[in-house]
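# Coordinates in review
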Amino acid sequence: MDEMNEVFESVARYFSLLSEPTRLRIMHSICQDEKSVNQIVEETGFTQTNVSRHLGLMYQGGVLSRRREGAQVFYRVSDASFTDLCRTVCIRVATELEGDKAVKRSFKEFIKELG
């Protein structure tokens, strides 16, 4: 069992990337297209500092890649399984979600955009 500790810890770190709503919103923004930090800030409404911090965590976690073009930094999803995992969980939540239809519609639009 001790040999599995490293695996379990790595899996927990991987899943922790999905544990923050801000990171989910950022993923929603870039799941299909590479975008600059400024574009992500505009789409999510979060501050640049907050977006940059979360992008850094996801980059360090290996689910995003980035490139620099002049003063701009662009991010894209580099781990398709992360997007698939996010999509799967969102679909499950959306189908089980009870309550406000606007919330359900919002989840369905999010899922459709994930492709």
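Residues numbered from 1 in each chain as written. Predicted model: local features only at pLDDT ≥ 70, side-chain atom pairs only at ≥ 80, totals over all residues. Heavy atoms only, no water.

### Quick notes on the confidence of the model for the chain
- Looking at the chain, the pLDDT average stands at 86 and 83% of residues meet or exceed 70.
- Averaged pLDDT values for the elements of the chain fall to 63 in helix α6 (residues 101-114) and rise to 97 in strand β1 (residues 35-36). (pLDDT = per-residue confidence, 0-100. Helix = DSSP H or I, 4+ residues; strand = E, 2+ residues; numbered from the N terminus.)

### Observations concerning the packing of aromatic side chains
- Across all of its chains, the model carries two aromatic pairs by this definition.
- Between the aromatic rings of Tyr14 and Phe15, the centroid separation amounts to 6.3 Å while the plane-to-plane angle is 70°, which identifies the pairing as edge-to-face.
- On the basis of relative accessible area, Tyr14 is assigned to the partly exposed category, the value being 22%.
- Ring plane angle 85° and centroid distance 5.5 Å describe the contact between Tyr14 and Phe82, whose orientation is recorded as edge-to-face. Linking Tyr14 in helix α1 (residues 5-16) with Phe82 in helix α5 (residues 80-96), this pair joins segments that are 68 residues apart in sequence.
- The class for Phe82 is buried, based on a relative accessible area of 0%. (Phe/Tyr/Trp six-rings, centres within 6.5 Å; stacked < 30°, edge-to-face > 60°. Buried < 20%, exposed > 50% of the residue type's maximum accessible area, 1.4 Å probe, protein only.)

### Thoughts on helix α2 (residues 21-30)
- Three or more residues of α2 are buried, namely Thr22, Arg23, Ile26, Met27, Ser29 and Ile30. Down the axis, α2 shows its buried residues gathered within 155° of arc, on one side only. (Arc of directions from axis to C-beta.)

### A short note on the sheet that holds strand β3 (residues 72-77)
- Pairing is antiparallel in the open sheet, where three strands are placed in the order β1-β3-β2. For this open sheet the edge positions go to β1 and β2 (64-69), each flanked by a neighbour on one side alone.
- Where β2 lies against β3, six bridges are found, and the strand directions are antiparallel. Bridge pairing in β3 places Glu69 opposite Gln72.
- Contacts between helix α4 (residues 48-60) and the sheet are confined to β2 and β3, with β2 contributing the most and set at about 120° to the helix. (Pairing = 2+ DSSP bridges. Contact = heavy atoms within 4.5 Å. Axes fitted to C-alpha atoms, helices over the stretch in contact; angles between N-to-C directions.)

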